[in-house]
Amino acid sequence: MAYKNILVAIDGSEVSNTLIKKVVEFAPDSHIDILTVVDTTGGGYFGSIAMNEDVVYQMEQTAEKAVNESFDYAKSLGHNDVDIHVRFGSPKRVIARDFPKDHHNDLIVIGETGLSRLQRAMAGTVPSFVTQVSKVDVLIMRTFEK
């Protein structure tokens, strides 16, 4: 099956470019939606943070920078069919359900989590949730050597 409309979920880390490069290599003719989600649920991995306008604004600026850098990277690889998106809410829910439904993605690409075993046990992982809940194919890419 050839994927035509791929969602690449990024978090702004160094892993983001690795994901984009791999997608461009295995699906050079696809449309790519690069997405980062600003977690406004106040969750995080341990406890909650106080969400005020300044915090949300800073998180949005960081997210915008991340998607713009990923967009530039995809373009530098010669891939021109790319859109960037920043959404707010629960990253798990937005990536697994909301965004693919709205944008008709046929594949979600996400990086393997970098969390420790304890962190995964406490918070769960976005890749795990997306794999269990998504109605489209999910590809979890290994982005580091074991």
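Scoring rules and cut-offs
- Chains are numbered independently. Their residues run from 1 in the order of the written sequence.
- In keeping with the model being predicted, local features are shown solely for residues with a pLDDT of at least 70 and side-chain atom pairs are shown and tallied solely at 80 or more, while totals for entire chains, interfaces and linings include all residues.
- The basis for every side-chain value is the complete set of non-hydrogen atoms in the structure, without hydrogens or water.
- Helix numbering and strand numbering both begin at the N terminus, where a helix is a DSSP run of H or I of at least 4 residues and a strand a DSSP run of E of at least 2.
- When a residue's accessible area, from a 1.4 Å probe over protein chains only, is under 20% of the maximum for its type it is buried; when over 50% it is exposed; and in between it is partly exposed.
- We call two residues contacting when some pair of their heavy atoms lies within 4.5 Å.
- Note on areas: Shrake-Rupley with a 1.4 Å probe; residue coverage comes only from the protein chains shown.
- The convention used is that axes are lines fitted to C-alpha atoms, helices contributing only their stretch in contact, and that angles between N-to-C directions extend from 0 to 180 degrees.
- A clockwise turn of the near helix away from the far one marks a right-handed crossing, whereas an anticlockwise turn of less than a right angle marks a left-handed crossing.
- Residues are grouped as follows: Ala, Val, Leu, Ile, Met, Phe, Trp, Tyr, Cys and Pro are nonpolar; Asp, Glu, Lys and Arg are charged; all remaining types, including Gly, are polar.
- We define a polar contact as two N or O atoms separated by no more than 3.5 Å, with the added condition that, inside protein, one atom must be a possible hydrogen donor and the other a possible acceptor, whereas residues neighbouring each other in sequence contribute only through side-chain atom pairs.

Peer 1: What should I look at first to understand the overall build of the protein in this one?
Peer 2: The helix and strand inventory of the protein stands at five helices and five strands. Listed N to C, the secondary structure of the protein is β-α-β-α-β-α-β-α-α-β in terms of helices and strands. The proportion of buried residues among the 146 residues of the protein is 36%. The contacts in the protein between residues at least 6 apart in sequence include a share of 76% that link residues at least 24 apart. Summed over its atoms, the accessible surface of the protein is roughly 8,500 Å², and 50% of this surface lies on carbon and sulfur atoms.

Peer 1: Is there a simple way to think about the packing of helix H1 (residues 15-26) against helix H2 (residues 53-76) in this case?
Peer 2: Describing two packed helices takes the angle between their axes plus the distance from one axis to the other. Here H1 crosses H2 at 35 degrees, and the two axes come no closer than 10 Å. As for the relative orientation of H1 and H2, their crossing is right-handed in sense. Side by side, H1 and H2 meet where Ser16, Asn17, Ile20 and Lys21 of the first sit next to Ser70, Tyr73 and Ala74 of the second. Split into classes, the residues belonging to the contact of H1 with H2 amount to three nonpolar, three polar and one charged.

Peer 1: Explain unusual backbone geometry to me, please; I cannot follow it from the model alone.
Peer 2: Trans peptide bonds make up most of the peptide bonds, and negative phi angles are found at most residues other than glycine. Phi at His104 takes a positive value of approximately 55 degrees, unusual for a residue other than glycine. Tracing the chain through its elements places His104 in the loop between helix H3 (91-103) and strand S4 (107-111). According to the relative accessible area criterion, His104 is exposed, its value standing at 64%.

Peer 1: Explanation requested: the side chain of Asn5 in the structure shown.
Peer 2: As for its position among the elements, Asn5 is in strand S1 (residues 5-9). On the basis of relative accessibility, which here comes to 15%, the residue Asn5 falls in the buried class. Only 3.0 Å separates the side chain of Asn5 from the backbone oxygen of His104, close enough to count as a polar contact. Asn5 has contacts with His31, Asp33, His103, His104, Asn105, Asp106 and Leu107, leaving out every residue within four places of it along the chain.

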